[in-house]
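# Examining the three-dimensional arrangement
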Amino acid sequence: MQSAVRRRQLQPPASPARFGVIQPNDESRNNRFHLDLWFYFTLQNWLLDFGRPIVMIILPLDWFPLNKPSAGDYFHMAYNIITPLLLLKLIERSPKTLPNSVIYISIMTFVMGASIHLVGDSVNHRLIFSGYQLHLSVRDNPIMQNLQPPTLVDSFELLYYYDEYLGHSMWYIPFFLILFIYFSGCFTTVKRESEMPLSAWSLLLPSSLYYWYLVTEGQIFIIFIFTFFAMLALILHQKRKGLRLDSNGLFLLLSFSVTLFLIAVWIVWLWNDKILRKKYPGVIYIPEPWAFYTLHINSLH
């Protein structure tokens, strides 16, 4: 009896999981397709992000005081709260152990960037009510050319910078970073866990369409394509170890692949649009859907 107690005392304590190590006891549970999370994730993306401008069309700004939040703004607020929670839940399902500081800093940066975008986007849509045209640059807009004093245009360009550049970077870089961190744990040695169920295939197109909207409207192709290539490089690296993607990783990879195809179709379709070409003169020509709407669809009403 005393010898057994002594042996237990001499045994070293269990060491905590190291970064990047998959816990074997949780592997079978975590490698199942996370239908609940992916369904909620896709649903709230469509309702609260993609659906936000649609709500603003159905419930126009002139139905609300211009100095108060509109219906679209409340949708954006809900998105800023729900999406970080879903991202945290997604990371909790990952079989990979990660430093909490990385996740927390990413989530805080995400919320801050999305909140900056909320303010800038809300003001920009009120400018549309006053005649602002999204397919033109800030200085090329007629309402800006009539502002007095002219230095006010600099203030609106600063607002545009916070909205379209700083806000989008702080919003989308942590977003895709968390998705990549989750993707890095989606590998298995079991062949049957690499097969996508029917439920995953049913969510593939809605998920891809949303990412298409996210990349084109957010003008974040560089962030997206960098993440996609990093995912491909990780697949090749893990393949040498005899690991393959599980159903969750395969779903994310196929969603990004279809998104890339949709972006290519979008570019080819609008390749010869001279007005949009003027607003997006860079090497990477990817017009925003909302600018396309104000230019070609809204003008028909």
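An unreviewed UniProt entry lists the protein chain under the name Ceroid-lipofuscinosis neuronal protein 6, from Engystomops pustulosus.

### As for helix H5 (residues 100-129)
The end-to-end C-alpha distance of H5 is 44 Å, a good match for the 44 Å that 30 residues give at a rise of 1.5 Å each. Two residues or fewer after H5 comes Gly131, characterised by a positive phi angle close to 110°.

### Quick look at a nonpolar patch on the surface
Among the surface-exposed residues, Leu35, Phe39, Tyr40, Leu43 and Leu47 lie close enough to one another that they form a single nonpolar patch of about 460 Å² accessible area. Turning to its location among the elements, Phe39 is positioned in helix H3 (residues 35-58). In this structure Phe39 comes out as partly exposed when scored by relative accessible area, which is 38%.

### So, the pattern of salt bridges
Here the structure, examined in full by the defined rule, presents six salt bridges. Of the charged contacts in the structure, one is a salt bridge between Arg139 and Asp154, with a shortest N-O distance of 2.4 Å. Taken together, the positions of Arg139 in the loop between H5 and helix H6 (142-145) and Asp154 in helix H7 (residues 152-183) put the pair 15 residues apart, joining distant regions of the chain. In this structure Arg139 comes out as partly exposed when scored by relative accessible area, which is 41%. Judged by its relative accessible area of 39%, Asp154 falls in the partly exposed class. Between Lys279 and Glu288 there is a salt bridge; the shortest N-O distance is 3.9 Å. When its relative accessible area of 17% is taken as the criterion, Lys279 is described as buried. Among the ionic contacts, a cluster of salt bridges with common partners joins Arg139, Asp154 and Glu157.

### Notes on the packing of aromatic side chains
Within the structure shown, the criterion is met by 29 aromatic pairs. Considering the side-chain rings of Tyr210 and Tyr211, the 5.9 Å spacing of their centres and the 55° angle between planes classify their relative orientation as tilted. Residues Tyr210 and Tyr211 agree in their burial class; the two are buried. Measuring from centroid to centroid gives 6.2 Å for Phe228 and Phe229, while their planes differ by 45°, and the two rings are tilted. Judged by relative accessible area, which is 7%, Phe228 ranks as buried. Here the basic side chain of Arg277 rests over the ring of Trp271, its NZ or CZ set 4.1 Å away from the ring centre.

Thresholds applied
- Residues numbered from 1 in each chain as written.
- Predicted model: local features only at pLDDT ≥ 70, side-chain atom pairs only at ≥ 80, totals over all residues.
- Heavy atoms only, no water.
- Helix = DSSP H or I, 4+ residues; strand = E, 2+ residues; numbered from the N terminus.
- Expected span 1.5 Å × (residues − 1).
- Patch = residues over 30% accessible without salt bridge, like charges linked within 9 Å, V, L, I, M, F, W, Y side chains within 5 Å.
- Areas by Shrake-Rupley, 256 points an atom, 1.4 Å probe, with all protein chains shown as cover.
- Salt bridge = Lys/Arg side-chain N within 4 Å of Asp/Glu carboxyl O.
- Buried < 20%, exposed > 50% of the residue type's maximum accessible area, 1.4 Å probe, protein only.
- Phe/Tyr/Trp six-rings, centres within 6.5 Å; stacked < 30°, edge-to-face > 60°.
- Lys NZ or Arg CZ within 6 Å of the ring centre and 35° of its normal.

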